[in-house]
Amino acid sequence: MEITITTAESLNAKPAPDRLGFGTLFTDHMFNMDYDPDQGWHQPRIEPYGPIGMDPSTMVLHYGQGVFEGLKAYRTADGRIQLFRPQENLKRLNKSSRMLCIPEFDESFLLEALKKLLQLEKDWVPNAPETSLYIRPTIIAMDPFLGVRASHTYRFFIILSPVGAYYPEGFNPIKIQVTREHVRAVRGGVGEAKTLGNYAASLLAGDKAHQAGYTQVLWLDGIEQKYVEEVGSMNIFFVIGDELITPALNGSILPGITRDSVLALGRKWGLTVSERQISIDEVVNAHEAGLLKEIFGSGTAAVISPVGELNYDGQILQVGGGSVGPLSQKLYQAITEIQYGAGDDAMGWVEPV
Ligand SMILES: Cc1ncc(COP(=O)(O)O)c(C=O)c1O
């Protein structure tokens, strides 16, 4: 398929790289492609960024049949632009699509389309330390129809947003609240898909945690509310004694690409790495025994997010004495060095644009 390019008549001024936030500014162009049963995915095109015309009955607005991804393009010190494991994001997008009855797309074609869009928008990739260009591929159900069934037509789009450093004030531990009142997802549901409703379902618990002075929610499993699943919209890791532990993928956890990268580096460094069930009681007991050394979240936005305090039913667990643990620090540095081209890419994770 040929990708047509229509360039914008006027280009927006690029923001100052030291004044970037997250998700508020968008570049001049976007990628669009449509699906219908006769033509399959067709008409791939790069066009000026702009609104999507849709009928008020468009299915995604009513039934949430949509999936998305989040990844970043990084500028290296010598000015090149690169992606971090983008094939994994495209693979996960197709997996999410299968779970939401959305037709799959050709991953290698989409990687080429993304690179084409990035080449056109290369001046939008900021160059200040720890800034990047956030990439949001999205697929939405487009049939104008009321009634619960899979849509017959879809729109695939990619938008780009320059984003600032996640830790402008430095890499500091966050406070999290364990919730037993709400669950994010259940096994057999769509927790392992990156789909719209999972994020809507997380809002109320997040609001309550914020009101109580906590940054994120720690989610327990949806059946017994006993086993740890994720933190906010990140995967979660514990260092207990000499073991690096993350909950095993059980169907209700999003299989994070940062999670996978942490596991791979941990194994490469010779650590004892476990993907297994971990109950909140095990965490509390390890804390009481003085064995809970670190807790951290992992995800594209923050890379590694150290946790300094856990509130479990009013019981406060302090972790790491207010400072960032050595493994959190080492992982953050190793992963960001690869992303920004400062470190050796021995794992083959970097994709040049
Ligand atoms: C619910 C949830 N869990 C975990 C992650 C971390 O995934 P990744 O490391 O691929 O960004 C994300 C972010 O995409 C997420 O939304």
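Structure's up top.
Below you will find a few notes about this structure.

The rules behind each value
Residues numbered from 1 in each chain as written. Predicted model: local features only at pLDDT ≥ 70, side-chain atom pairs only at ≥ 80, totals over all residues. Heavy atoms only, no water. Salt bridge = Lys/Arg side-chain N within 4 Å of Asp/Glu carboxyl O. Helix = DSSP H or I, 4+ residues; strand = E, 2+ residues; numbered from the N terminus. Buried < 20%, exposed > 50% of the residue type's maximum accessible area, 1.4 Å probe, protein only. Core = buried A, V, L, I, M, F, W, Y, C linked by side-chain atoms within 4.5 Å. Contact = heavy atoms within 4.5 Å. Phe/Tyr/Trp six-rings, centres within 6.5 Å; stacked < 30°, edge-to-face > 60°. Lys NZ or Arg CZ within 6 Å of the ring centre and 35° of its normal. Polar contact = N/O pair within 3.5 Å; in protein donor to acceptor, adjacent residues only side chain to side chain. Near = heavy atom within 4 Å. Areas by Shrake-Rupley, 256 points an atom, 1.4 Å probe, with all protein chains shown as cover. 1 Å grid on protein atoms, 1.4 Å probe; cavity = no way out; pocket = protein on both sides within 12 Å on 5 of 7 lines; lining within 4 Å. Sits in = over half its atoms within 2 Å of the grid points. Pairing = 2+ DSSP bridges.

**A look at the pattern of salt bridges**
Now for step 1: For the structure on display, the rule yields 20 salt bridges.
Now for step 2: Put simply, Glu-69 and Arg-92 hold a salt bridge, and the shortest N to O gap is 2.8 Å. With Glu-69 in the loop between strand 4 (66-68) and strand 5 (71-75) and Arg-92 in helix 2 (residues 86-99), this pair connects stretches of sequence that are 23 residues apart. Neither residue differs from the other here; Glu-69 and Arg-92 are each classed as buried.
Now for step 3: For Asp-221, the salt bridge goes to Arg-187, with nearest N and O atoms at 4.0 Å. Residue Asp-221 is located in the loop between strand 10 (216-220) and strand 11 (228-231), and its partner Arg-187 is located in the loop between strand 9 (174-179) and helix 4 (196-200); the two are separated by 34 residues in the primary sequence.
Now for step 4: Under the relative-accessibility criterion, Arg-187 is labelled partly exposed at 37%.

**Details of the nonpolar core**
What tends to happen in soluble globular proteins is that the nonpolar side chains get buried as a cluster.
Now for step 1: The biggest cluster of nonpolar side chains holds 41 residues, and the ones touching the most others in it are Phe-31, Leu-110, Ile-135, Ile-139, Phe-156 and Ile-158.
Now for step 2: Looking at this core, the element that brings in the most residues is helix 3 (residues 107-120), giving seven residues.
Now for step 3: Residues in contact with Phe-31, not counting those within four places in the same chain, are Ile-3, Pro-44, Arg-45, Ile-46, Leu-110, Ala-113, Leu-117, Phe-156, Phe-157 and Ile-158.

**Quick word on the packing of aromatic side chains**
Now for step 1: Tallying each qualifying case throughout the model produces 12 aromatic pairs.
Now for step 2: Taking 6.0 Å as the distance between ring centres and 80° as the angle between the ring planes, the aromatic pair formed by Trp-41 and Phe-156 counts as edge-to-face. Taken together, the positions of Trp-41 in strand 3 (residues 40-48) and Phe-156 in strand 8 (residues 154-163) put the pair 115 residues apart, joining distant regions of the chain. The pair formed by Trp-41 and Phe-156 is uniform in burial state, with each residue classed as buried.
Now for step 3: Put simply, the rings of Phe-31, Tyr-35, Trp-41, Phe-105, Tyr-154 and Phe-156 pair up and form one aromatic cluster.
Now for step 4: Between the NZ or CZ atom of Lys-175 and the centre of the ring of Tyr-214, over which it lies, the distance is 5.1 Å.
Now for step 5: Here the basic side chain of Lys-330 rests over the ring of Trp-269, its NZ or CZ set 4.1 Å away from the ring centre.

**Here we look at the side chain of Thr-58**
Now for step 1: Here Thr-58 shows up in the loop between strand 3 and helix 1 (59-63).
Now for step 2: Residue classification places Thr-58 among the buried positions, given a relative accessible area of 1%.
Now for step 3: Within polar-contact distance, the side chain of Thr-58 engages the backbone oxygen of Asp-55 at 2.6 Å.
Now for step 4: Beyond its immediate chain neighbours, meaning those up to four positions away, Thr-58 contacts Ala-141, Met-142, Asp-143 and Pro-144.

**Some details on the environment of Ala-16**
Now for step 1: By secondary structure assignment, the location of Ala-16 is in the loop between strand 1 (4-5) and strand 2 (29-36).
Now for step 2: Taking relative accessible area as the criterion, Ala-16 reaches 36% and is therefore assigned partly exposed.
Now for step 3: Sequence separation of Ala-16 and Pro-126 is 110 residues, and the distance between their C-alpha atoms is 8.5 Å.

**Describing the site of the ligand**
Now for step 1: Taken together, 15 residues are adjacent to the ligand, and Lys-194, Tyr-199, Glu-230, Thr-258 and Thr-300 come closest.
Now for step 2: At 2.8 Å, a side-chain N or O of Arg-92 approaches an oxygen atom of the ligand.
Now for step 3: Taking Glu-230, its side chain carries an N or O atom lying 2.5 Å from a nitrogen atom of the ligand.
Now for step 4: Coverage of the ligand by the protein amounts to 95% of the 380 Å² it exposes when considered alone.
Now for step 5: Judged by the proximity of its atoms to the pocket grid, the ligand belongs to the largest pocket.
Now for step 6: Secondary-structure elements contributing two or more residues to the shell around the ligand are strand 12 (234-240), helix 6 (257-268) and strand 15 (292-299).

**Notes on the pairing of strand 8**
Now for step 1: By the criterion of burial, strand 8 is predominantly enclosed, with 10 of the 10 residues buried.
Now for step 2: Side-chain alternation along strand 8 places Tyr-154, Phe-156, Ile-158, Leu-160 and Pro-162 on one buried face and Arg-155, Phe-157, Ile-159, Ser-161 and Val-163 on a second face that is also buried.
Now for step 3: With five bridges joining them, strand 2 and strand 8 adopt antiparallel strand pairing. The partner of Phe-31 across the bridge, within strand 8, is Ile-158.
Now for step 4: The sheet contact formed by strand 7 (residues 132-141) and strand 8 spans 10 bridges and is antiparallel. Note on strand 8: the bridge partner recorded for Tyr-134 is Ser-161.

Note that all results are geometric; they support no functional claim without further evidence.
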